[in-house]
Amino acid sequence: MKFDEVLQSRRSIRRYTGEPVSDAQIQACLEAATLAPSWKNSQTARFYVIQNPDLRAQVDQEAMAAFNVNNTRQAPVLVVMTFRKGQSGWGNDGNPANEGANGWGWLDLGLALENFCLQAEDLGLGTLIMGIRDEAALRRLLQIPEDEQVGPVVSLGHPDIDPAMPARLPVDRRTVYFR
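Just so you know, these numbers come straight off a predicted model, no measurement behind them. (Residues numbered from 1 in each chain as written. Predicted model: local features only at pLDDT ≥ 70, side-chain atom pairs only at ≥ 80, totals over all residues. Heavy atoms only, no water.)

## Observations regarding the packing of aromatic side chains
Inspection of every chain in the model, using the stated rule, returns two aromatic pairs. The interplanar angle of 40 degrees and the centroid separation of 5.2 Å between the aromatic rings of tryptophan 39 and tryptophan 104 together place this pair among those described as tilted. With a gap of 65 residues between them, tryptophan 39 in the loop between helix H2 (23-34) and strand S1 (45-50) and tryptophan 104 in helix H5 (residues 103-122) connect regions that are remote in the sequence. According to the relative accessible area criterion, tryptophan 39 is buried, its value standing at 18%. When the centroid spacing of 5.1 Å and the interplanar angle of 75 degrees are considered together, the rings of phenylalanine 83 and tryptophan 106 count as edge-to-face. Here phenylalanine 83, found in strand S2 (residues 77-84), pairs with tryptophan 106, found in helix H5; they are 23 residues apart in sequence, far enough to count as distant. For phenylalanine 83, a relative accessible area of 1% translates into the label buried. (Phe/Tyr/Trp six-rings, centres within 6.5 Å; stacked < 30°, edge-to-face > 60°. Helix = DSSP H or I, 4+ residues; strand = E, 2+ residues; numbered from the N terminus. Buried < 20%, exposed > 50% of the residue type's maximum accessible area, 1.4 Å probe, protein only.)

## Quick look at helix H3 (residues 53-63)
Among all positions of H3, only Arg56, Val59, Asp60 and Ala63 are buried. With its buried residues spanning 115 degrees around the axis, H3 presents them on a single face. Facing away from the buried side of H3, by more than 90 degrees, are the exposed residues Asp54 and Gln61. Contacts from the buried residues of H3 go to S1, helix H4 (66-72), S2 and helix H6 (135-142). (Arc of directions from axis to C-beta. Contact = heavy atoms within 4.5 Å.)

## Section: the sheet that holds strand S3 (residues 126-130)
Across the sheet, four strands lie side by side as S1-S2-S4-S3; this open sheet has antiparallel pairing. Two strands bound the open sheet, and with one partner strand each, they are S1 and S3. On average, each strand axis in the sheet is inclined to that of its neighbour by 25 degrees, with strand direction left out of account. Across five bridges, the pairing between S3 and strand S4 (residues 148-157) is antiparallel. Paired with threonine 127 across the two strands is leucine 156, which belongs to S4. Against the sheet, H3 contacts S1 and S2, and its axis sits at roughly 70 degrees relative to S2. Relative to S4, H5 is tilted by about 10 degrees, and along the sheet it contacts S1, S2, S3 and S4. (Pairing = 2+ DSSP bridges. Axes fitted to C-alpha atoms, helices over the stretch in contact; angles between N-to-C directions.)

## Considering the side chain of glutamate 148
Structurally, the position occupied by glutamate 148 is in strand S4. At 4.8 Å, arginine 46 is the nearest oppositely charged side chain to glutamate 148, a buried residue that forms no salt bridge. Side-chain polar atoms of glutamate 148 contact the side chain of threonine 82, separated by 2.6 Å. Beyond its immediate sequence surroundings of up to four residues, glutamate 148 is in contact with Arg46, Tyr48, Thr82, Phe83, Arg84, Lys85 and Arg139. (Lys, Arg positive; Asp, Glu negative; His and termini not counted. Salt bridge = Lys/Arg side-chain N within 4 Å of Asp/Glu carboxyl O. Polar contact = N/O pair within 3.5 Å; in protein donor to acceptor, adjacent residues only side chain to side chain.)

Such coordinate-based values are descriptive only and should not be taken to indicate function.
And the structure:
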């Protein structure tokens, strides 16, 4: 697909076929995520890929909202994204470089997430970005270290639905030009 086609076609997928996702497809999405730009090339994004059915059941039961469990029941892969705290947006002296502080880590993680989702779309896969999750449960179940900030959980699988594009505000309603 051409880039603009991928941008136009990517949607949140809330129903999956259950067909397996290959390791090569997962790896391609992760590789795309690692190509995202980041603050001073700090590359703080981390990925926890859940394919094990027993662990998935625990994550669904203990860490996810029931409606998202229902939406992603047939998705064969969940990816928990995190970023290393105190790096993106921080100076070498250990102090925030500006008022953004760890907000820059969130930005970097968002760029990695976007690349992940766009690569999935290009491969014919679907994703759902889920921010309603239990951080403490994810941290415990996946042994995520304290120096990482837990971000979204993303489902990955073959779509069993083709949702329409939600309405978007026109560019001229959310842009200010200084010429």
